[in-house]
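Per-entry structural report
Each chain, letter by letter, is given below.
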Amino acid sequence: MTKLIKALAAGIGSFAVLYKLLLGGLGEQGASVVAYLAALPAFLLLVGGWDALRSYAAGHEPEELHGAARYFGYNVDHKAVGVQYIAAALLVFVVSGTWALVMRLELSHHGIQFLTPELYTTMMTLHGIGMVVVALIATAGGIGNFIVPLQVGARDMAFPRLNALSFWLLPPAVLLLLATPLMGGLDFGWTAYASLSTQGSTPGKQLFLLAFVTVGFSSIFSGVNFVATTLAMRAKGLTWGRIPVFTWSILATAIIQLLGTSVVAASLIMVLFDRMLHTTFFDPNLGGTVLLYQHLFWFYSHPAVYIMILPAFGAILEILPVFCRKPLFGYRLSAGAFIAIVVLSFVVWAHHMFTSGMWAVLKLPFMVNTELISIPTGVVFLAALGTLWRSKIRMDAPMVWALAMILNFLIGGLTGIPLADAPTDLHMHDTWFVVAHFHFTIMGGAVFGFFAAFTYWYPKITGRKLNEALSKTQAFLMFTGFNGTFIPMFWLGTLGMRRHVVDFPEWMDPVQLFISCAAVLIASSAALFLYNVLSSLKKGEEAGRNPWEALTLEWTAPSPPPHGNFERAPVVTAGPYEFGV
């Protein structure tokens, strides 16, 4: 903890000093970028990066840390990194959720209550990007880091130091985002569209762009590790036909991270160049085009939806066989569907741009491609339904969360159809219908999937089980509050309610007030979840190695697993879901 405080103090202090010193010569924008590029390495080295480099140069393993201190420094154990990711995701979830509640208080009545349009836009932008970060890192980064090496029988990730670096790039990015309201605010939404993002001299925009790029590098490093670990570190006997479906989903996610993240990072760096060096990538007056930014951004950001949702799919398909006590229906088809989604996810991006003025001839192929990706997604959904069919379901808390996620994602998938077709998208685009659809996909799918995964693997992470009654109560409150919040938004969207605006007609007041009240249920469920997690750490029922009677490899290790994970190298002799076979 002391090392982390010193590293944060050094990083923030060096940024502030350099910013002041460079302000006169470089201006606000240049000073903020140079100061950050100098402060970031200082933070990383002091938080433990220097010790990791020194141990690597000396050719020996880093010192093994114990107790709570191992979570506040540069720990190379994949299990500690997984817990760090989970804790960071929950912290950002709480902060971003608080911003959402403030917005809902403003929107509970027509007219301007207490948020100016400028402040509302800043808060909406930070809520959006914060929740995107949660969806990106919670299941893939948190649960994936902890569970994947255990599922493949490895002692650790392939590149432990790089794994730690991928996490420690996140705190500086979060601090940059928190600083943006104090540095001029934001006016462009979480997509940072040019030309809004290239105009204006406020340093808050610079900090947002730098934070986005930093998270991008974190995602790339994480993807490298997951691919290398899955390809090269599987236990003896763990053939491709025996790999657990959750690991398949993380592998597919990592491939998207590697192929797509560099593109969005490049587009944001181009925005920085337009702002600082007066290049003309996105300036139509000097030969650039704002459509180029949209193409680059969505080429990554639609596949990024699958970075968020594929790990949730994998977790749900991992949970269902255990609590249905039967083999996973269509296991090989599900694994193939994940890879098919990876391929198709890179040829659908322009359905976000049907109203942008892009070449009209492109609308038809992107409509067709978008409909095509529903086929492998449907295969995954049917695998879940086939596993549920005629099974003897055990309604433990993870199963409750899994069923809630399936119902939510069904709505999210069906409401995506009119947005994938240009004729209907022309009417729905930029309305609350899109807001509701996006939340059903990301929160209803990815975030509910994270809660399912967290509840399922919490005994492996901590050695104790969450309180069943509290977990089920939380699932009920969140499911009820979530649907009460976003289903009315579909209706308001069809009637023309625009997103990104702070005011609306008076006749919407009753529906808006109902939505705000439903949002309070979501907040209460989140508070109940945090209480359950913290109280169960000390008072929860001891779980033992395998409380759910699962068959995958992680449940053969102690709970929580020791350093190195397994007492002896595991050997796999059967498939992961051979219940009753």
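Residues numbered from 1 in each chain as written. Predicted model: local features only at pLDDT ≥ 70, side-chain atom pairs only at ≥ 80, totals over all residues. Heavy atoms only, no water.

1. Details of the domain arrangement of the protein chain
On domain assignment, one finds that the protein chain holds domain 1 (1-75) and domain 2 (76-556). Taking the mean C-alpha position of each, domain 1 and domain 2 sit 28 Å from one another. The partner domain 2 presents 25 residues to the 26 residues of domain 1 that form the contact. Interface area for domain 1 against domain 2, summed over the two sides, is near 2,200 Å², with a carbon-plus-sulfur share of 69%. On the domain 1 side of the interface with domain 2, the three residues burying the most area are Gln 29, Tyr 36 and Asn 75, jointly 30% of the side's total. At the boundary of domain 1 and domain 2, one finds zero salt bridges. There are 11 residue pairs in polar contact (both at pLDDT 80 or more) connecting domain 1 and domain 2. A per-class count over the side of domain 1 that touches domain 2 returns 17 nonpolar, seven polar and two charged. (Domains from an automatic or database assignment. Contact = heavy atoms within 4.5 Å. Buried area = accessible area lost by both parts, 1.4 Å probe. Salt bridge = Lys/Arg side-chain N within 4 Å of Asp/Glu carboxyl O. Polar contact = N/O pair within 3.5 Å; in protein donor to acceptor, adjacent residues only side chain to side chain. Nonpolar A, V, L, I, M, F, W, Y, C, P; charged D, E, K, R; others polar.)

2. Concerning the packing of helix α3 (residues 117-152) against helix α8 (residues 290-324)
α8 packs onto α3 with a crossing angle of 45° between their chain directions and a minimal axis gap of 10 Å. Judged on the interaxial angle alone, α8 and α3 are oblique. You can see that α3 and α8 cross each other, and the crossing is left-handed. The residues of α8 that touch α3, namely those facing Val 132, Ala 135, Leu 136, Thr 139, Ala 140 and Gln 151, are Tyr 300, Ala 304, Ile 307, Met 308, Pro 311, Ala 312 and Glu 318. In terms of residue class, the contact of α3 with α8 is made up of 10 nonpolar, two polar and one charged. (Axes fitted to C-alpha atoms, helices over the stretch in contact; angles between N-to-C directions. Helix = DSSP H or I, 4+ residues; strand = E, 2+ residues; numbered from the N terminus. Parallel < 35°, antiparallel > 145°, perpendicular 65-115°, else oblique. Left-handed = near helix turned anticlockwise from the far one by under 90°.)

3. Remarks on the side chain of Thr 122
As for its position among the elements, Thr 122 is in helix α3. Of the polar contacts made by the side chain of Thr 122, one reaches the backbone nitrogen of Leu 186; its length is 3.0 Å. When near neighbours in sequence (up to four residues on either side) are disregarded, Thr 122 contacts Pro 181, Gly 185 and Leu 186.

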